[in-house]
Amino acid sequence: MGIYKYLAIRTLNMVLIIIVIMTLTFIMFYALYVDIKMQEIKQIVRMEVTDLIRRGVKMSPEQTDQYIKERIEYYINAYGLNKPWYERIWRVLYDLLTFNFGKAYYLTAESGSRDVSVIILERIPRTVLLLGTSTLITTILGLWLGLMAANRPQSIMDKSIIIIGLTSNAFAAWWVGLVLQYLFAYNPLIPYEWRLPAFGIVDATRTYTSDFEKYIDILRHMILPVSALVIVSFGGWALVVRNLLIGTLAEDFIMVARAKGLPENKILFGHALKSSAPPIITIIAFSIAGIFGGVIITETIFQWNGMGMLIWEALMQFDIPIILAFFYISTLLIILANFIADILYGLFDPRVKTG
């Protein structure tokens, strides 16, 4: 099949999977969804009553109770909560597609808003900055070390990379984070002005004279958490790339390329790495898809106020709307990562398009 038909089929598959996943999510969390909407309705009615009192409208306790009852009934009908679940599912699907997750029970955005969408949009860029940077560094470092090891099997470099990879892969991110904090943030042997920040995104006690100065401070705060994530990840990456490329570098087409006298870099990057690209793309895609799920402990240790900290706070306070939104976004990211991997498969391997 052609590339356009291939993309059309993959797009249709992605849309169908998203609809199925959202439907199953709604069925699993049906009772919680009803509770979230009822809490939202009560909050709206409470605000309406407060507004009436502020405007000087006088009502007896009986009238107030009757007004609250009527308004709650009105919103129940407006939200369709009086209908069976199979009739309400389309409204739920629309809310999820438009990222209308309702209001949080306890947590708020820095602006004071309780809208879950606002809270998440405030936190996502911080997590993307932290995890995106560490993933990029890990990928580049792992690819380079894996290539070097695969190109010289059983050499000292290969054995060293295997030992380093197995050792770093055995570390826990939280333990590495604590060690780095002690060594570079609290170590009395290092002068105070040279110590790295252990917590936060910026220094809350500092006044910045320019945006550039603020960006530099953000970079300083990123050093320790990014280093912790890279240390526990790059070794596993290097081992995966090494194991994939060792078989590829022993193929006949690599031997022919070397016999023709092609430069080693062109053989490694233009032939071997491109041939092994599909499985590597899959690993990269799932690494990016797991960007939120794998950051909870790291962000908590370094007090990096992103999605990891958000879901931790939501779990501690049992803020159901945020927990459900986090679950849905994580699932959506995995589906999109698979979709992008499928597209890249078609670009790197023509056999996929014609299969």
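Up top you'll find the structure we're talking about.
Described in the following lines is the structure provided in the data block. In this text the structure is predicted, and so the values were computed from the model without any measurement.

On to the side chain of Gln181. Here Gln181 shows up in helix H7 (residues 173-184). In this structure the side chain of Gln181 is engaged in a polar contact, spanning 3.4 Å, whose partner is the backbone oxygen of Ile301. Apart from residues lying up to four places away in sequence, Gln181 is in contact with Tyr186, Ala198, Phe199, Leu224, Ile301 and Phe302.

Another point: helix H4 (residues 85-97). Taking 1.5 Å of rise per residue, the 13 residues of H4 would be expected to cover 18 Å, and the 18 Å separating its terminal C-alpha atoms lies within 8% of that figure. Of the residues making up H4, those classed as buried are Arg88, Ile89, Val92, Leu93, Asp95 and Leu96.

The subject of this paragraph is unusual backbone geometry. Even without being a glycine, Gln154 presents a positive backbone phi close to 70°. Gln154 sits in the exposed class, given a relative accessible area of 60%. Positive phi values are uncommon outside glycine, yet Gln303 reaches one of about 55°.

Time to look at helix H5 (residues 116-151). Its 36 residues place the ends of H5 50 Å apart at the C-alpha level, agreeing with the 52 Å of an ideal helix rising 1.5 Å per residue. By the largest-angle criterion, Arg123 marks the main kink of H5, which is about 25°, and a proline, Pro125, follows within four residues.

Right, let's get into the pattern of salt bridges. Counted according to the given criterion, the structure contains eight salt bridges. With its nearest N and O atoms 3.3 Å apart, the salt bridge here joins Arg55 to Asp51. Residue Arg55 is classed as exposed on the basis of its relative accessible area of 58%. Taking relative accessible area as the criterion, Asp51 reaches 31% and is therefore assigned partly exposed. Among the salt bridges present, the one from Arg242 reaches Asp158, with a minimum N-O distance of 2.5 Å. Residue Arg242 is found in helix H8 (residues 211-249), and its partner Asp158 is found in helix H6 (residues 156-170); the two are separated by 84 residues along the sequence. For the pair shown, Arg242 and Asp158 are each scored as buried. Each of Asp51, Arg54 and Arg55 takes part in one network of salt bridges that share partners.

So, how was this worked out
- Residues numbered from 1 in each chain as written.
- Predicted model: local features only at pLDDT ≥ 70, side-chain atom pairs only at ≥ 80, totals over all residues.
- Heavy atoms only, no water.
- Helix = DSSP H or I, 4+ residues; strand = E, 2+ residues; numbered from the N terminus.
- Polar contact = N/O pair within 3.5 Å; in protein donor to acceptor, adjacent residues only side chain to side chain.
- Contact = heavy atoms within 4.5 Å.
- Expected span 1.5 Å × (residues − 1).
- Buried < 20%, exposed > 50% of the residue type's maximum accessible area, 1.4 Å probe, protein only.
- Bend = angle between axes of the 7 residues up to and from the residue.
- Salt bridge = Lys/Arg side-chain N within 4 Å of Asp/Glu carboxyl O.

Nothing here speaks to function; it is all geometry.
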